Amino acid sequence: MGGSYKLVRVFRQLIDSVLDASVFWSFDASGYRRHARNFHPQDLNVDLSGRVMLVTGANGGIGLEVARTLARLGAEVRLLCRSVERGQQALEAVSAESAHSTVSLDVVDVSSLASVRAFVDSFEGERVDALIHNAGLIAEERTLTKDGIELTLATHIIGPFLLSRLLEPKLIAAAPGRVIWVSSGGMYTTKLSLADLDWQEREQFDGVAAYAQTKRMQVILAEMLAEAWAGKGIVCQAMHPGWVDTGGLQKSLPNFTRFMDGRLRDAQQGADTVVWLAAADRSLASTGKFWLDRRVSRTHYLPNTREQAEDRQRLWALCEELSGI
Ligand SMILES: NC(=O)c1ccc[n+]([C@@H]2O[C@H](COP(=O)([O-])OP(=O)(O)OC[C@H]3O[C@@H](n4cnc5c(N)ncnc54)[C@H](OP(=O)(O)O)[C@@H]3O)[C@@H](O)[C@H]2O)c1
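Residues numbered from 1 in each chain as written. Predicted model: local features only at pLDDT ≥ 70, side-chain atom pairs only at ≥ 80, totals over all residues. Heavy atoms only, no water.

Novice: Let's hear about the side chain of His300: which residues, and what values?
Specialist: Looking at the secondary structure, you find His300 in the loop between strand E8 (295-296) and helix H13 (309-323). You can call His300 buried: its relative accessible area is 8%. A polar contact is formed between the side chain of His300 and the side chain of Arg216, at a distance of 3.5 Å. His300 has contacts with Tyr188, Arg216, Thr305, Arg306 and Glu307, leaving out every residue within four places of it along the chain. (Helix = DSSP H or I, 4+ residues; strand = E, 2+ residues; numbered from the N terminus. Buried < 20%, exposed > 50% of the residue type's maximum accessible area, 1.4 Å probe, protein only. Polar contact = N/O pair within 3.5 Å; in protein donor to acceptor, adjacent residues only side chain to side chain. Contact = heavy atoms within 4.5 Å.)

Now the structure itself:
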């Protein structure tokens, strides 16, 4: 009996490894359902009362679902949105569902250094239990922000880096404070490169390539911040949500969305690991990792995407220089 049970388990693990290696049957909704069989159901049986959690890009898609779930679990949730109107709509929706939690809106454009600084200056709270870097986009054309930084880089890296560093004392005050970067499986396709960051030298702007490059940077920065914060009471993680049916995906990759019809994850499935990293005790056991479906995931599939140590240091220096920290 015991022998045949073991055999079934080994066979199941083998099938899981093959499906995970396929990527397709890992990042899609069936991958989520398969991975969810290994979740610990009690992990999110938590009361987050008294914890303050900040979600950037909280007015749609994954960010809205994260905010909703954290508020339902009792956290004080601050929605950091760049549009007053869209932010207000999200605020009403989240507040209506979580009568016992405090939910508020802060108008913050994370691609703008002035906006990030103004938010931190006006932030009166003493603690930040979780800072979730969710805001993201695939830019249609090359755009420089007012700070002179390419928009994708500013949104995914420089603004969030500044926000993380400025909020450091409040994250420490909440120890364990948690910083979570919503990266993307798209980063697997690329190696860290710091050449031509403002896309001036290349003939054509490629929004998907700029996206993948900055998503790779997020994973590396999460590792570096985790190292810098070791022993200080801040845990820093990166994750990817799989392929999720959101307004952002439909707009930026319409053909892929059509091709994946019926196979994409829903927002709740995409938000699950973000919520788990922000709320569960179990996720505090490590720092500086890259997660998919509550499980540590590899950061490279291809042999030629590994960066050199000097390039990691250059990325850090660049973040400090461009953010003016
Ligand atoms: N959907 C997927 O399959 C998928 C896969 C991998 C990774 N991700 C990542 O998941 C995150 C959420 O994506 P999503 O699919 O939920 O996209 P989404 O529906 O487009 O949501 C993105 C959110 O980010 C906000 N945002 C963009 N730029 C901002 C800025 N400068 N300041 C503040 N907020 C800003 C957007 O606000 P506006 O409404 O004002 O534009 C929106 O609320 C992104 O980081 C994305 O890269 C998604």
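Novice: Give me the pairing of strand E1 (residues 52-56): which residues, what numbers.
Specialist: Of all five residues making up E1, five are buried, and the element is well covered by its neighbours. Inspection of the sheet shows E1 paired to strand E2 (residues 76-81) by five bridges, in the parallel sense. The residue of E2 that forms the bridge with Val55 is Leu79. Crossover connection from E1 via helix H4 (residues 61-72) to parallel E2: handedness right-handed. Where E1 lies against strand E4 (residues 130-133), three bridges are found, and the strand directions are parallel. (Pairing = 2+ DSSP bridges. Right-handed = clockwise from strand over helix to strand, strands pointing away.)

Novice: Let's hear about helix H3 (residues 29-36): which residues, and what values?
Specialist: Owing to its 3.6 residues per turn, the α-helix aligns residues three or four sequence positions apart on the same side. Among all positions of H3, only Ala29, Gly31, Tyr32, Arg34 and His35 are buried. Packed against the buried residues of H3 are helix H1 (2-21), helix H2 (24-27), helix H12 (267-279), strand E7 (290-292) and E8.

Novice: Which residues make up the pattern of salt bridges, and what values go with them?
Specialist: Summed over the entire model, instances satisfying the criterion amount to 21 salt bridges. One salt bridge in this structure joins Arg34 and Asp16, with 3.0 Å as the shortest N-O distance. With Arg34 in helix H3 and Asp16 in helix H1, the pair connects residues that are 18 residues apart, well separated along the chain. This pair shows no difference in class: Arg34 is buried, exactly as Asp16 is. Here Asp16 makes a salt bridge to Arg37, at a shortest N to O gap of 3.9 Å. Linking Asp16 in helix H1 with Arg37 in the loop between H3 and E1, this pair joins segments that are 21 residues apart in sequence. A relative accessible area of 14% places Asp16 in the buried class. A relative accessible area of 46% places Arg37 in the partly exposed class. (Salt bridge = Lys/Arg side-chain N within 4 Å of Asp/Glu carboxyl O.)

Novice: For the sheet that holds strand E5 (residues 177-182), give the residues involved together with the corresponding values.
Specialist: Taken together, eight strands build an open sheet; the order of strands is E3-E2-E1-E4-E5-E6-E7-E8 and the sheet is mixed. Both outer strands of the open sheet, strand E3 (103-107) and E8, are each paired with one neighbouring strand and no more. Taken strand by strand, helix H5 (residues 84-97) contacts E2 and E3, and its axis lies near 170° from that of E3. (Axes fitted to C-alpha atoms, helices over the stretch in contact; angles between N-to-C directions.)

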